[in-house]
Structure formats: structure tokens, C-alpha cells
Amino acid sequence: MPSRRRLIVANWKMNTRHQSAIELAGTIAEWAGKQGQLPYDMVLCPPAQLLFTVASAVKGSPVKMGAQDCHWASHGPFTGDISAPQLADAGCQYVILGHSERRHGHGEKSELVARKLEAAQKAGLVPILCVGETAEQKEQGRAEDAVREYLTQSLPANYDPRHLVVSYEPVWAIGTGRQPAIEEIAHTNQMIRSILGQHGAETRILFGGSVAPSNAGAILASTEIDGVLIGSAGLSPEGYIGIATKANL
Ligand code: PGA
């Protein structure tokens, strides 16, 4: 068994409603509960208004819950935002930060992501920090530099690498069916780990982008890839479970 437990995260994004969330989370939780000791961790990240729904659907099962974003402050006059302590209060153990749909869709800069990361760790949440080059950066041969920059600038000075997950997510691979070669993912994940330094030995480094049951086996066979962050394939129990079982190495 690898020293870093594999991690299978589903990011539901702005999908599902009350009933479909109960069915999706409930089916996955029931399946997980029947598997005995699983050699990997399972995390579902529903939209914020369904956190309590999903928390009760996975209660008593090995399935954990995460959120998709948080604010950097603990409370205050921030209309429409949710703080890390509020997410912890709702039953979250993880929070996705710096996803490309926030960086590029909402103009979030790495400096802001770093403040959120600090707040998340302070609240006892494990941040899942996303970094990845855009198609343009890749075409210009700047993919590695872009990943290095997103990573170093999104990490606050005093972060705890033991309670951190990083996910390498090339923007051009998200929702497109395209992916880098496994060796390229492994190479980038190695670079991420070397940037984290000696304290990063325990940090789990995932891959995200068009992960599906058909390609998850090859991805998870790499010792450099500690798990996956799943978008659309995680919206069905068959998709999520079909991927998770590939982590049963
Ligand atoms: P996808 O999304 O699996 O639908 O490509 C991945 C992600 O956004 O992390």
C-alpha cells in the first residue's frame, strides 16, 4: 500500500438538486459502506446549498464531504460568500480552492487563493489546491512555468503540507476529453512535489481533467498520481464508483 492514501474527489460544480443529490450521494455511500476497509479516501463536493443534504446522505459511511470554494474571512459583511468555519460547521473536511473555473471565470488571483488556503487550514479543512496551465500557456511552451507560478503564489507563508492536497488540472483538459500523456502528468506532479520540498512528502498530488472510468486505471497506476479530481464523470454513481475502484491497487 502506498504511504499516501489515494484520494478520489468528485466536484459536482453547479449540478444536482435536493433529490438527485440524495440519490447520488446515498448510492455512493451505500456502496462504500459495503466494501469493508477501502485503501483510498472518497470525497464528494456538492454545491453549497446541498451540503447538509449530502452530509446526512453519507453519514455513517466512509464517504467524506468537501466544498467548492470559501472566503478568506471567518465571518462578516460578505454577501453571497461562505467562510471556512461555516463549511466545517456544515460537515466539510475538505475545500477545493483555485479551481480554474474560479481563477478564469471569476478572476481569482493566486494571492487571493493563498488567503483562502490559510483560512481553510485554520478552520481545520484540507484545501484541495488546483493548479494548471491554460491552452494558450501550453501552446507558448509556458506550461511548467505557469504551474510553478500558480502553485508558489497560491501557498501562504505558513501552510501545513500535511493537511494539503494539490491537484494538477490543465485547463485545456477540463471537460474536453483531452488529457496529457501519463508521463507528462507524472512529470508535472514530480515538479509540484519538488517545489513543496521535503515537507511535501505527505502531500497528496492528484490529477484532474476528463477523468473517466475508461482512463482512470492508467492514471491511478502511476505512483506519482495520488488520486483524481473528477468533474462530469462524478455525476453518476457508475462513473464515480467506476473510477474509485481503479484506485484499488
Ligand atoms: P471534468 O472536470 O472531469 O469534467 O473534466 C474536472 C475538473 O474540473 O476538475
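Criteria and cut-off values
- Residues numbered from 1 in each chain as written.
- Predicted model: local features only at pLDDT ≥ 70, side-chain atom pairs only at ≥ 80, totals over all residues.
- Heavy atoms only, no water.
- Near = heavy atom within 4 Å.
- Polar contact = N/O pair within 3.5 Å; in protein donor to acceptor, adjacent residues only side chain to side chain.
- Areas by Shrake-Rupley, 256 points an atom, 1.4 Å probe, with all protein chains shown as cover.
- Nonpolar A, V, L, I, M, F, W, Y, C, P; charged D, E, K, R; others polar.
- Core = buried A, V, L, I, M, F, W, Y, C linked by side-chain atoms within 4.5 Å.
- Buried < 20%, exposed > 50% of the residue type's maximum accessible area, 1.4 Å probe, protein only.
- Helix = DSSP H or I, 4+ residues; strand = E, 2+ residues; numbered from the N terminus.
- Domains from an automatic or database assignment.
- Contact = heavy atoms within 4.5 Å.
- Pairing = 2+ DSSP bridges.
- Right-handed = clockwise from strand over helix to strand, strands pointing away.
- Buried area = accessible area lost by both parts, 1.4 Å probe.
- Salt bridge = Lys/Arg side-chain N within 4 Å of Asp/Glu carboxyl O.
- Expected span 1.5 Å × (residues − 1).
- Arc of directions from axis to C-beta.
- Axes fitted to C-alpha atoms, helices over the stretch in contact; angles between N-to-C directions.
- Left-handed = near helix turned anticlockwise from the far one by under 90°.

Engineer: Is there a simple way to explain the site of the ligand in this structure?
Structural biologist: Around the ligand, a shell composed of Lys-13, His-99, Glu-169, Ala-173, Ile-174, Gly-175, Gly-209, Ser-210, Val-211, Leu-229, Gly-231 and Ser-232 is seen. Between the ligand and Lys-13, the relevant distance is 2.6 Å, taken from an oxygen atom to a side-chain nitrogen or oxygen of the residue. Take His-99: an N or O atom from its side chain is 2.7 Å from an oxygen atom of the ligand. Contact with the protein chains hides 97% of the accessible area of the ligand, taken as 280 Å² for the molecule alone. Classifying every residue of the shell around the ligand by side-chain character gives four nonpolar, six polar and two charged.

Engineer: Which parts of the structure should I look at to understand the nonpolar core?
Structural biologist: Side chains that are nonpolar tend, in soluble globular proteins, to be buried together. Residues Ile-8, Met-42, Leu-44, Ile-192 and Tyr-240 are the most contacted members of the largest nonpolar core, which totals 61 residues. No other element matches helix α1 (residues 18-33), which puts seven residues into this core. Per-domain counts for this core show at least three residues from each of domain 1 (1-68) and domain 2 (70-89 + 100-228). Leave out the neighbours within four places in its chain, and Ile-192 touches Val-131, Val-147, Leu-151, Val-166, Tyr-168 and Ile-205. Residues Val-43, Cys-45, Val-165 and Leu-206 belong to the second largest nonpolar core, which totals twelve residues.

Engineer: I would appreciate a short explanation of the pairing of strand β2 (residues 40-45) in the present structure.
Structural biologist: Remember that side chains alternate between the two faces of the sheet whenever the strand is regular. The buried count for β2 comes to six of six residues, which makes it a mostly enclosed element. The alternating pattern of β2 places Tyr-40, Met-42 and Leu-44 and Asp-41, Val-43 and Cys-45 on opposite faces, both of which are buried. Of the pairings in the sheet, the one linking strand β1 (residues 6-11) to β2 comprises six bridges and is parallel in character. Residue Val-9 lies in a different strand from β2, and its bridge partner there is Val-43. The parallel pair β1 and β2 is bridged by α1, and the resulting crossover is right-handed. Bridge analysis of β2 against strand β3 (residues 64-67) gives two bridges, and the strand direction is parallel. For Leu-44, the partnering residue across the bridge sits in β3 and is Met-65. Read as a crossover between parallel neighbours, the route from β2 over helix α2 (residues 51-58) to β3 is right-handed.

Engineer: Looking at this structure, I do not really get the domain arrangement of the chain. What am I missing?
Structural biologist: Put simply, an interface is often sized by how much accessible area is lost when its parts join up. Per the domain assignment, the segments making up the chain are domain 1 (1-68) and domain 2 (70-89 + 100-228). Taken residue by residue, the interface counts twelve residues in domain 1 and 21 residues in domain 2. Around 1300 Å² of area is buried between domain 1 and domain 2 when both sides are counted, 53% of it from carbon and sulfur atoms. For domain 1, the biggest contributors to the area lost against domain 2 are Arg-4, Arg-6 and Leu-7; these three give 51% of the whole. Between domain 1 and domain 2 we count three salt bridges in total. Among the ionic pairs, Arg-4 bridges to Asp-226, the shortest N-O distance being 3.0 Å. Taken together, the connections running from domain 1 to domain 2 amount to ten residue pairs in polar contact (both at pLDDT 80 or more). Where the side of domain 1 that touches domain 2 is concerned, the elements lending two or more residues are β1 and α2. If one sorts the elements of the side of domain 1 that touches domain 2 by residue count, β1 sits on top with four residues. A class-by-class count of the residues in the side of domain 1 that touches domain 2 yields seven nonpolar, no polar and five charged.

Engineer: Explain α1 here, please?
Structural biologist: An α-helical turn contains 3.6 residues, so a residue and the one three or four places further along point in the same direction. Spanning 16 residues, α1 covers 22 Å between terminal C-alpha atoms, matching the ideal 22 Å at 1.5 Å per step. Taken residue by residue, α1 has Ala-21, Leu-24, Ala-25, Ile-28, Ala-29, Trp-31 and Ala-32 as its buried positions. Taken end-on, α1 shows its buried residues confined to a sector of 165°, consistent with a single buried face. Opposite its buried face, α1 presents the exposed residues Glu-30 and Gly-33, each directed more than 90 degrees away.

Engineer: Explanation requested: the packing of helix α7 (residues 143-154) against helix α8 (residues 182-196) in the structure shown.
Structural biologist: Packed helix pairs are characterised by how far apart their axes lie and by the angle those axes make with each other. Two numbers describe how α7 lies on α8: the axes approach to 11 Å, and their chain directions differ by 35°. For the pair α7 and α8, the crossing hand works out as right-handed. Here Glu-144, Val-147, Arg-148, Leu-151 and Thr-152 of α7 come into contact with α8, specifically with His-187, Thr-188, Met-191, Ile-192 and Ile-195. For the contact of α7 with α8, the residue count by class is five nonpolar, three polar and two charged.

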